[in-house]
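# Structural features, examined
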Amino acid sequence: MCDLIQDPTHTPTFDEISSYINNTARALWEDMNTFIKNTYKAATRITYSKCSAKPGWNVKYQKSGKSLCTLYPEKESFVVLVVIKTDLTEAVEAMQVDYQPEVLEIVRTAKPFNGTLWLMIPVVSEKVLENVKQLLLLKHGVNTRF
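Below is a summary of the structure that appears in this document.

### Topic: the layout of surface pockets
The calculated volume of the largest pocket comes to roughly 310 Å³. Around the largest pocket sit 15 residues that line it, and S67, V83, I84, T116 and K139 are the ones nearest its centre. Sorting the residues of the lining of the largest pocket by element identifies β3 (66-73), β4 (78-85) and β5 (116-123) as the ones contributing at least two each. Its residues assigned to classes, the lining of the largest pocket comprises seven nonpolar, four polar and four charged.

This is the structure in structure tokens:
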């Protein structure tokens, strides 16, 4: 039997993806998706990626035709891709006491690409999830501390 997330022949539903993730991580997954839907009213699209960095089914969120973020489900957790402008690193550094060390490390070591940083953040705890939410809010001009 092929893994649900890796099987390109079957497009999973959102509920199938949610059920694929274990219970602990599923609560974080559902929290993230609810936050995006409530905060941004973003369009959801389930797509299959052949990208060598993170192949498989993922959930893309777009607002006004622009990418908001992409969620990559895993059995034990999920990864969020957030693309931010490089000038936001100063804001993140200024609020570094609010960020988990692993999130700061991802921001600090990301290689700039066309004035942006592509941040692949594994969401393994509630604190990391709150950091991802904060990055999304910063990306869209809302400076809020959780």
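### What about the pattern of salt bridges?
Under the counting rule described, the total for this entry stands at four salt bridges. The partner of D31 in a salt bridge is K133, with the nearest N and O atoms 2.8 Å apart. Of this pair, D31 sits in helix α2 (residues 23-40) while K133 sits in helix α5 (residues 126-139), and the two are 102 residues apart along the sequence. Judged by relative accessible area, which is 29%, D31 ranks as partly exposed. Overall, the relative accessible area of 7% leaves K133 in the buried class.

### Side note on the packing of α2 against α5
Two numbers describe how α2 lies on α5: the axes approach to 11 Å, and their chain directions differ by 20°. Judged by the angle between their axes, α2 and α5 are roughly parallel. For the element pair α2 and α5, the recorded crossing hand is right-handed. Packed against α2, whose contacting residues are L28, D31, M32, F35, I36, T39 and Y40, the element α5 presents E126, L129, E130, V132, K133, L136 and L137 at the interface. Here the contact of α2 with α5 is built from residues that sort into nine nonpolar, one polar and four charged.

### What to know about the nonpolar core
Counting residues in each nonpolar core, the largest one holds 41 residues, and the members touching the most others are M32, I36, L71, F78 and L136. If you list the elements that add at least two residues to this core, you get α1 (14-20), α2, β2 (56-63), β3, β4, α4 (101-109), β5 and α5. Here M32 is in contact with L71, F78, L129, V132, K133 and L136, once residues within four sequence places are set aside.

### Section: the sheet that holds strand β1 (residues 43-49)
In spatial order, the strands read β1-β2-β3-β4-β5; together these five strands make up an open sheet with antiparallel pairing. Pairing within the sheet leaves two strands with one partner each, and these edge strands are β1 and β5. The mean angle between the axes of side-by-side strands here comes to 25°, regardless of whether they run parallel or antiparallel. Here β1 runs beside β2; their pairing, made up of seven bridges, is antiparallel. When the sheet's bridge partners are listed, R45 is paired in β2 with K60.

### Notes on the packing of aromatic side chains
Inspection of every chain in the model, using the stated rule, returns four aromatic pairs. On the basis of an interplanar angle of 85° and a centroid distance of 5.3 Å, the ring pair of W29 and F78 is categorised as edge-to-face. Here W29 is found in helix α2, whereas its partner F78 is found in strand β4, with 49 residues between them in sequence. Taking relative accessible area as the criterion, W29 reaches 0% and is therefore assigned buried. Three or more aromatic residues joined by ring pairs form one cluster here, namely F14, W29 and F78. The ring of F14 carries the charged tip of K37 above its face, separated from the ring centre by 4.6 Å.

Reading the values: rules and limits
- Residues numbered from 1 in each chain as written.
- Predicted model: local features only at pLDDT ≥ 70, side-chain atom pairs only at ≥ 80, totals over all residues.
- Heavy atoms only, no water.
- 1 Å grid on protein atoms, 1.4 Å probe; cavity = no way out; pocket = protein on both sides within 12 Å on 5 of 7 lines; lining within 4 Å.
- Points joined across faces, edges and corners; volume = space filled by probe spheres on them.
- Helix = DSSP H or I, 4+ residues; strand = E, 2+ residues; numbered from the N terminus.
- Nonpolar A, V, L, I, M, F, W, Y, C, P; charged D, E, K, R; others polar.
- Salt bridge = Lys/Arg side-chain N within 4 Å of Asp/Glu carboxyl O.
- Buried < 20%, exposed > 50% of the residue type's maximum accessible area, 1.4 Å probe, protein only.
- Axes fitted to C-alpha atoms, helices over the stretch in contact; angles between N-to-C directions.
- Parallel < 35°, antiparallel > 145°, perpendicular 65-115°, else oblique.
- Left-handed = near helix turned anticlockwise from the far one by under 90°.
- Contact = heavy atoms within 4.5 Å.
- Core = buried A, V, L, I, M, F, W, Y, C linked by side-chain atoms within 4.5 Å.
- Pairing = 2+ DSSP bridges.
- Phe/Tyr/Trp six-rings, centres within 6.5 Å; stacked < 30°, edge-to-face > 60°.
- Lys NZ or Arg CZ within 6 Å of the ring centre and 35° of its normal.

In short, shape yes, function no, at least from these values alone.
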